[in-house]
Each structure stands twice: as C-alpha cells, then as structure tokens.
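One-letter residues, chain by chain:
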Amino acid sequence: MFGESGSGKTVLLSSFYGAAQDQAGREDSQAPQLYDLVADDTTQGDRLLKNYFRMENSAEVPAGNRFRAEPYRFTLSLRSTPSAAERKAMPVDAVQLVWHDYPGEWFERSVSGPEEERRRIEAFRALLVSDVALLMVDGQKLKDAAGEEERYLKALFHTLRTGLVRLRDEILVGGKELVRFPRIWVLALSKADLLPEMDVDRFKALVLEKAADELGQLREAIESMVVGDEALAVGEDALLLSSARFTPGRIAVRERIGVDVILPLAAMLPFERHVTWARRQEIPAKVARELAENAGTIGTGAMALAMFGARHRLPGRLGLISTALATVVPLLSKDMVQDAASLAGEKLRGVHDRALEKKQSLAAILTGFKIDLERAEREGVLRRSRR
C-alpha cells in the first residue's frame, strides 16, 4: 500500500481484521463462511480488535505508525476438512497473509539516521516482492482540493515517484532489475465516504484528467525497476476504499467501502491477469518461469497486504500458467485454471453453487472471490482493466 502519511493505511488494517472477526457484522450475510482468518500473534490481533471496537464504541481512530514497519501475520484456513481428492490436489489447507504496516512519512521526508534508513529499505524490499500495489489517493486531501485537484494529485504522484527513485539503488541489489515485483498497480481512493458522489469511474476519470502526465512518469519509474515491463499495469485498475463511515461522534465500522474486496482482489486479480498475459505471450520467459516457480506466493504486496507461500500454497496462484512455456502449477488442472480465470456471470455462479453442493471448499472460495469482484464492479467500487 503506497501512500503518504495520514492516507489511512493503519486504520484500514484495523478495519480489515476487525471485519474478519466481527461475528455481529455477519448476521445478515447469507453466504456460507468457508474459511477463518486469525492473527498468528495473539497480541497483534488483540491490538487490531481493540482499534476496531474503539472505533465502533468510542469513535476513536487508531494512531498511525510513525516510527517503524511492522508485519502482521494472519492465517487463512478452511473451515471444513478437505476431501481426499481436494487434499491431493491441494497439499495444504492454510494460507499465510502478511500485512506490512509502515510509516507514510518514509515517502515524504529523510529518515532520522542509519537505523531508520535500514528499516525503511528492508520494509520496501518486502513490499516489492508481491503482485499487487495500491496507490493510495487520500479522499480528505482530494476533497480539500476541490476545484484544483490537479495540485494535490500531481504532488502525490511526484512524491511516490521520488520515493521509489530515491530508494532504487538500495532496492535493486547490484543494479539488477527485479523479476518478482508488483505488476498490477491499482489506483485506490481512501476515505471514499467523504466523497459519496464519487464512483470508481468518476475517480479514475478525475485522476487521468488532472494528473495523467505525472501518473505516466510514475509508470516509467516503475518500469525502470522491473524485468518484462510489457507485463505491467499501472493505473489501469481502480478501487474505492473506506474503513468506515465517519461522522461527528460516531464511526460506523460496518458501513465500510471496498474493505471486503481486499482479500478477493489479492487472491484473484494477479491470477486473472497473469493468465491473460500468458495467453497473449506478454510475459517474458524469465518472468513466466519465476512466476511459476513462486506459484505459492501471491498478494497485494505493495498494498501492504502480502500473501506469502513459502510454507503454504495459495489459491490465487492455483494454476498460473505460461502458454509459452507450457508450465502448469500442479495444484489444479490446466483446464480448470483457464476456466477459473475466464468464468463470469451466470456460468460463474453455477460453478460456485455446484462447488458448494459438492463441498469443494477450494473451488467455492475461488469462485466466491470472483463473484465478490463482479459485485464490487456492479456497485461502482471496483473497475478492473480490460487489457
């Protein structure tokens, strides 16, 4: 999650975890709960829940992270025991998620000394090995700049670009461009509740109208750091985010926007896009090989939510293929991979319903994630690139 200080990263983390644990907020949901998400570190989990319930009960916003990066590790595990066939296809039944919280000031100012500089470089190296980045646009600052939005947006993209360029030599060890690198950079409007008239298409149009050149310069800086820049999407996807609805004296934590899309987005967007790029043979052989070899790793890395699969294989990479290399990750069949990437509408719903009937939890989760993304698009919260 690339954003300046005050853009809402820490609040979003608390809202994300609190929503996953808040049983009262699920009472009206008809969808079956197929998995659980819990913090590996109980102390961290309790802290996030404290933040969440203080927002709900005391209208108290958690303080931002100002001094150091801190990884929050979560485990997503299936509620039901996989069948023998599922277990054979999927060697494990858990996924680890790592959400990196870090000071937004690290983009805006010099650090205090060598130790903070070391922590900053380590944090950004960790962020830059995942698949999806969120470029955070602060809804409060955008609202305050009404009528001259270009002033804020141009400064924002310039700050992000400068921050990446400043760290380029430290991040690119030996000057070598990165193969593992976020390849999907999503424009994300935080605090979207402050701009109720702004749907995702208006948001993206505003960014392009006011700051297309600066976004292009940021894209060029990102391209200079990665191998295979043709397999890269910067600013093509857009998302609205709000951790809650904030009014004087009240924070309605269950009136959030886009937070429930984060996990489906992390799991499915790289999956869909990489399959599409592979079909078009837009992924260079070296990149395709690296993606396949690291098939257990997927996430919203630059968005601070990163899913790592060094020990757990993740559904989002379930059948990542390169048609050029005829590489298939041996978790699902190639046909199922292709279908999972292209399913939509009624056909998607039918496959999802059959997976539920047959208690095929993994397939039900994947198709459920895609259904969530389609719903977010219909509601004007998400817009996926058509490329």
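The structure presented is a predicted model; accordingly, all values stated were derived computationally and were not measured.

Describing the overall build of the chain
Line of reasoning, step 1. Of regular secondary structure, the chain possesses 13 helices and 13 strands.
Line of reasoning, step 2. For the chain, the proportion of its 387 residues judged to be buried stands at 55%.
Line of reasoning, step 3. Long-range pairs, those at least 24 residues apart, make up 77% of the contacts in the chain with a sequence separation of at least 6.
Line of reasoning, step 4. Carbon and sulfur atoms provide 48% of the accessible area of the chain, an area that totals close to 16700 Å².

Things to note about the side chain of Asp-237
Line of reasoning, step 1. By secondary structure assignment, the location of Asp-237 is in strand β6 (residues 233-240).
Line of reasoning, step 2. In contact with Asp-237, other than residues within four places in its own chain, are Ile-184, Trp-185, Val-186, Leu-187, Leu-269, Arg-273, Arg-383, Arg-384 and Ser-385.

Focus on the packing of helix α6 (residues 149-166) against helix α8 (residues 200-223)
Line of reasoning, step 1. Contact pair α6 / α8: the axes reach a minimum separation of 9 Å and the direction vectors enclose 5°. Between α6 and α8, the angle falls in the class roughly parallel. Packed against α6, whose contacting residues are Glu-149, Glu-150, Leu-153, Lys-154, Phe-157, Leu-160, Arg-161, Leu-164 and Val-165, the element α8 presents Leu-206, Val-207, Lys-210, Ala-211, Glu-214, Leu-215, Gln-217, Leu-218, Ala-221 and Ile-222 at the interface.
Line of reasoning, step 2. Split by residue class, the contact of α6 with α8 holds twelve nonpolar, one polar and six charged.

Comments concerning the sheet that holds strand β13 (residues 382-383)
Line of reasoning, step 1. If you trace the four strands from one edge of the open sheet to the other, you get β4-β5-β6-β13, paired in mixed fashion. Two strands lie at the open edges of the sheet, namely β4 (132-138) and β13, each paired on one side alone.
Line of reasoning, step 2. When β6 meets β13, the two strands line up antiparallel, connected through two bridges. The residue bridging Leu-239 from the neighbouring strand is Leu-382, located in β13.
Line of reasoning, step 3. Across the face of the sheet, α8 comes into contact with β4, β5 (184-190), β6 and β13 while running at roughly 145° to β6.

Brief notes about the environment of Arg-219
Line of reasoning, step 1. Of note, Arg-219 is situated in helix α8.
Line of reasoning, step 2. For the pair Arg-219 and Asp-229, spaced ten residues apart in sequence, the C-alpha to C-alpha distance is 9.8 Å.

Here we look at the pattern of salt bridges
Line of reasoning, step 1. Throughout the structure, instances matching the rule amount to 18 salt bridges.
Line of reasoning, step 2. Of the charged contacts in the structure, one is a salt bridge between Glu-255 and Arg-245, with a shortest N-O distance of 3.1 Å. Of this pair, Glu-255 sits in the loop between β8 (250-252) and α9 (262-279) while Arg-245 sits in strand β7 (residues 245-247), and the two are ten residues apart along the sequence.
Line of reasoning, step 3. Take Glu-255: its relative accessible area is 37%, and that puts it in the partly exposed class.
Line of reasoning, step 4. When salt bridges that share partners are traced, they join Asp-201, Glu-272, Lys-370, Glu-377, Arg-383, Arg-384 and Arg-386 into one network.

Some words on unusual backbone geometry
Line of reasoning, step 1. You will see that Ala-59, though not glycine, has its phi angle at about 55°, which is positive.
Line of reasoning, step 2. Its location among the elements puts Ala-59 in the loop between α2 (42-58) and β2 (70-78).
Line of reasoning, step 3. The phi dihedral of Lys-191 falls on the positive side, at around 55°, and the residue is not glycine.
Line of reasoning, step 4. Counting through the fold element by element, Lys-191 comes out in the loop between β5 and α8.

Here's the deal with the packing of helix α12 (residues 345-357) against helix α13 (residues 361-378)
Line of reasoning, step 1. Where α12 contacts α13, the axes come no closer than 9 Å and their chain directions differ by 145°. In terms of crossing hand, the pair formed by α12 and α13 is left-handed. Packed against α12, whose contacting residues are Gly-345, Leu-348, Arg-349, Val-351, His-352, Ala-355 and Leu-356, the element α13 presents Ala-363, Ala-364, Thr-367, Gly-368, Lys-370, Ile-371, Glu-374 and Arg-375 at the interface.
Line of reasoning, step 2. The class makeup of the residues in the contact of α12 with α13 is seven nonpolar, four polar and four charged.

Re the confidence of the model for the chain
Do not read the fine detail of predicted coordinates wherever pLDDT is low.
Line of reasoning, step 1. In this model, the chain carries a mean pLDDT of 75, and residues with pLDDT of at least 70 account for 71%.
Line of reasoning, step 2. At the level of individual helices and strands, the chain shows its lowest average pLDDT in strand β11 (residues 321-322), which scores 26, and its highest in β13, which scores 96.

Topic: α2
Line of reasoning, step 1. Spanning 17 residues, α2 covers 23 Å between terminal C-alpha atoms, matching the ideal 24 Å at 1.5 Å per step.
Line of reasoning, step 2. Buried residues along α2 sit against α1 (9-21), β1 (35-39), β2 and β8.
Line of reasoning, step 3. Two to three positions downstream of the cap, the backbone nitrogen of Thr-43 sits 2.8 Å from a side-chain oxygen, assigning the N-cap of α2 to Asp-41.
Line of reasoning, step 4. Directly beyond the C-terminal end of α2, a positive phi value near 55° is found at Ala-59.

Quick look at the environment of His-274
Line of reasoning, step 1. When you line up the elements, His-274 lands in helix α9.
Line of reasoning, step 2. Accessibility expressed as a relative area gives 1% for His-274, which makes it buried.
Line of reasoning, step 3. Residues His-274 and Leu-232, 42 residues apart in the sequence, show an inter-C-alpha distance of 9.8 Å.

Here we look at the nonpolar core
Line of reasoning, step 1. Formed by 88 residues in total, the largest nonpolar core has its most connected members in Phe-74 and Trp-185.
Line of reasoning, step 2. A per-element tally of this core places α9 first, with nine residues.

Calculation criteria
Residues numbered from 1 in each chain as written. Predicted model: local features only at pLDDT ≥ 70, side-chain atom pairs only at ≥ 80, totals over all residues. Heavy atoms only, no water. Helix = DSSP H or I, 4+ residues; strand = E, 2+ residues; numbered from the N terminus. Buried < 20%, exposed > 50% of the residue type's maximum accessible area, 1.4 Å probe, protein only. Contact = heavy atoms within 4.5 Å. Areas by Shrake-Rupley, 256 points an atom, 1.4 Å probe, with all protein chains shown as cover. Axes fitted to C-alpha atoms, helices over the stretch in contact; angles between N-to-C directions. Parallel < 35°, antiparallel > 145°, perpendicular 65-115°, else oblique. Nonpolar A, V, L, I, M, F, W, Y, C, P; charged D, E, K, R; others polar. Pairing = 2+ DSSP bridges. Salt bridge = Lys/Arg side-chain N within 4 Å of Asp/Glu carboxyl O. Left-handed = near helix turned anticlockwise from the far one by under 90°. pLDDT = per-residue confidence, 0-100. Expected span 1.5 Å × (residues − 1). Polar contact = N/O pair within 3.5 Å; in protein donor to acceptor, adjacent residues only side chain to side chain. Core = buried A, V, L, I, M, F, W, Y, C linked by side-chain atoms within 4.5 Å.

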